[in-house]
Amino acid sequence: MFLFNKPSGHPTQRVFTIDGFRNWKKVRDGKNCDILNHIGKDPNSFHRIAERSYEDLKNQSQHIQNVFENFTSEQIANNRLQLKASIEVVRMLAFQGIAFRGRDESVDSTNRGNFLEILNLIVSYNEQIAEVIAKALKNASYTSPMIQKEILHIFSTKVKETIRKEIGNAKFCIIVDEARDESMKEQMAIVLRFVDKDGFVRERFFGLVHVFNTAAATLQNGIYFVLSQHKLAIENIRGQGYDGTSNMRGGWNGLQALVSNDCPYAYYIHCFAHRLQLALVAASKEVIPVHQFFTNLTFIVNIVCASCSRFEELRIAQTAEIAYLIEIDEIQSGRGLNQISNLQRAGDTRWSSHLRSVSSLIKIFSPACEVLLKIIDVGTTSSQRAEADSVYQVMTSFEFVFILHLMKETMQITDHLCQELQSKSQDILSAMNLVSSTKAYIQQYRDDKWDDLLTNVKSFCEKRNIDVPDMSARYIARQVELLILGFALDPQAARESFRIDDICQLVNKFYPQDFTDLEKEQLEIELNHYKHNVVQHSSFQALSNISEFCQWLVSTGKSTIYQLVFRVIVLVLTLPVSTATTERAFSAMNIVKTRLRNKIEDEFLTDSLMVYIEKEVAATISIDSIIDGFRDSKTRRVPF
């Protein structure tokens, strides 16, 4: 009675459950016995109901655990197969970055959304899965939107756990940037840079955080929250990579200052690619003819591409020019060659877009001129005709054509540098070597190739009846200075002169807490052995950068022999070069969260990006581990 008492029961029930029985003189009073009356003959009496409840409790064969145990191995295998089909569909959709659900997922709908439609396709080609899904319990079909999100979340969690194991106890760098998504939410992308156990430099996307403002303290809290979730110590941060905005790089209240207060050896590196872009923009504005050139270039694109009809005219002019050039054997014909194109607009935040814009104009210069001439002749309004005439005069001037070709030649160099700086495996030392070699190439270009450029421009002008004045002035390309730490560790520098004092000074000045006093003394001794056994090694002579060197040390086992030197190399490699990985994350965000999916939840967006961006890691996660995680996440109606 006490165990199965119902609070809403009869008041007399309280005597044997709560208040207690005291009227013992009536216990053996025949029909007046209170205990016998309580038991009663009615099968629905309180006592009889409690008895049956007790018997049910003792009946372990009906226990939920035994119900699960009664499932045969075949039934459990079928349950796993059913869930596996759903997981495979979720993984495929996440890898492609496409929507899961449809507008109408009812049975009568002709398009029930990507998840259900692909699942039906799998069922139509696999009789075993079709049979398993047909026999599944209606309340355990595991195809609902909530289940889809749960499977994706388990996938995302597994990816993060794998990355966390890759990092281990190593030092790492945080690379952070923020951007607005399709629904105008400010999103902060977090990327971790580290050296794995095989000596490879990794930059892994580690999460997207919705921040309500871009104040440095808000960004700091978001970063620390993500790191603490996965037990990544703030003290292990050895680098910070951001763009140049004040809330990021501010020396007093910026994000880098706040992180440096908690970890003084987390050195801030302004994104090299961003710095290069700022230098190019500043240089273009300082040189008045170049600044005017890009202004005119924008004006040309706006007029020629102002409407669909003008683009159609441009297409017709291109087709006629291609046919003529093929006829006179100026160009070759073949599959994929001589594609119809359009003028490209230059973006304010991507200097590489300027190269595409310049190259597109050179490619279709004559067709663009024909469109302008047609506007001059048959333009709808006088203002259109006047604008077209003004643009045509500028476009066919020698100065514009010369700068057009000059900018293409120059920006091909800077674009190559920018792309190299944004490589995931790029390290700060090889970045400096790359810039140095680029500067040497620019100098060689100025000295040796200037006459070739003038010849090409003159030939271009003569074909289009453009006057060619005497031109002797030379435009000097702006050089970009980049500062670097630890250059003594670079293989190329070490082959020329291995500077032990510089490496020891690097440790003493910049990473004093990463080495004990005894280790600092041992480092110099180790470096002397390292100089003879590693720097003089035949394989070392073929290494071109410190990233390759780090991998070589691990593969040859020398990283364990020269542990202190290897730790210094890892610290230098941890320093970031650019924020390109965060830019790739935002590009992925624009693919996943589109105008039609602008209401996607923050957690679902983060999980989708985690799997989409880190496909390399996600592909290593087995379906069985996802099923096990799904089974353990909540109490399920069927066993797996």
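Throughout what follows, the structure given in this document is the object of discussion. (Residues numbered from 1 in each chain as written. Predicted model: local features only at pLDDT ≥ 70, side-chain atom pairs only at ≥ 80, totals over all residues. Heavy atoms only, no water.)

1. Examining the overall build of the protein chain
Put simply, the rule reads: The numbering of helices and of strands both runs from the N terminus, where a helix is a DSSP run of H or I of at least 4 residues and a strand a run of E of at least 2. We call a residue buried when its accessible area falls under 20% of the maximum for its residue type, exposed when it is over 50%, and partly exposed in between, using a 1.4 Å probe and counting protein chains only. The contact criterion used throughout is that any non-hydrogen atoms of two residues lie within 4.5 Å. Per-residue and other accessible areas were derived by the Shrake-Rupley procedure at a 1.4 Å probe size, with only the shown protein chains allowed to occlude residues.
A tally of helices and strands in the protein chain yields 29 helices and five strands. Classification of the 640 residues of the protein chain by burial places 44% in the buried group. Contacts spanning at least 24 positions in sequence make up 69% of the contacts within the protein chain whose residues lie at least 6 apart. Carbon and sulfur atoms make up 51% of the accessible area of the protein chain, which totals about 34,300 Å².

2. Brief notes about the packing of aromatic side chains
Filter applied, for reference: Here the aromatic set is Phe, Tyr and Trp, taking the six-membered ring for Trp, and pairing holds for ring centres within 6.5 Å; pairs whose planes are under 30 degrees apart are stacked, those over 60 apart are edge-to-face, and all others are tilted. Charge-over-ring placement is defined geometrically: NZ (Lys) or CZ (Arg) within 6 Å of the ring centre, and within 35 degrees of the ring normal.
The tally for this structure, following the rule as stated, stands at 13 aromatic pairs. Ring geometry for Tyr 142 and Phe 630: centres 5.3 Å apart, planes at 85°, overall edge-to-face. Residue Tyr 142 is found in the loop between helix H6 (127–135) and helix H7 (145–167), and its partner Phe 630 is found in helix H29 (residues 623–633); the two are separated by 488 residues along the sequence. Just as Tyr 142 is buried, Phe 630 falls in that class too. Ring plane angle 80° and centroid distance 5.7 Å describe the contact between Tyr 267 and Phe 510, whose orientation is recorded as edge-to-face. You can see Tyr 267 sitting in strand S5 (residues 267–270) and its partner Phe 510 sitting in helix H21 (residues 500–510), a full 243 residues away along the chain. Three or more aromatic residues link up through ring pairs in this structure, and these residues are Phe 498, Tyr 530, Phe 540, Phe 549, Trp 552 and Tyr 562. Cation over ring: Lys 149 sits above Phe 604, and NZ or CZ is 5.8 Å from the ring centre. The ring centre of Tyr 612 lies 3.7 Å from the NZ or CZ of Lys 615, which sits over that ring.

3. Structural notes on unusual backbone geometry
The backbone of Met 184 sits at a positive phi, close to 65°, despite the residue not being glycine. Relative to the assigned elements, Met 184 resides in the loop between strand S1 (172–180) and strand S2 (186–195). The class of Met 184 is exposed, set by a relative accessible area of 56%. In this structure, Lys 231 is a non-glycine residue whose phi angle is positive, near 55°. With respect to the helices, strands and loops of the structure, Lys 231 is situated in the loop between helix H8 (216–229) and strand S4 (237–242).

4. Details of the environment of Arg 204
Position of Arg 204 relative to the elements: it lies in strand S3 (residues 201–210). Relative accessible area serves as the criterion here: at 5%, Arg 204 is assigned to the buried category. With 40 residues separating them along the chain, Arg 204 and Arg 164 place their C-alpha atoms 10.0 Å apart. Beyond its immediate chain neighbours, meaning those up to four positions away, Arg 204 contacts Ile 163, Glu 166, Ile 190, Val 191, Leu 192, Phe 194, Glu 614, Glu 616 and Val 617.

By themselves, these figures tell us nothing about what the structure is for.
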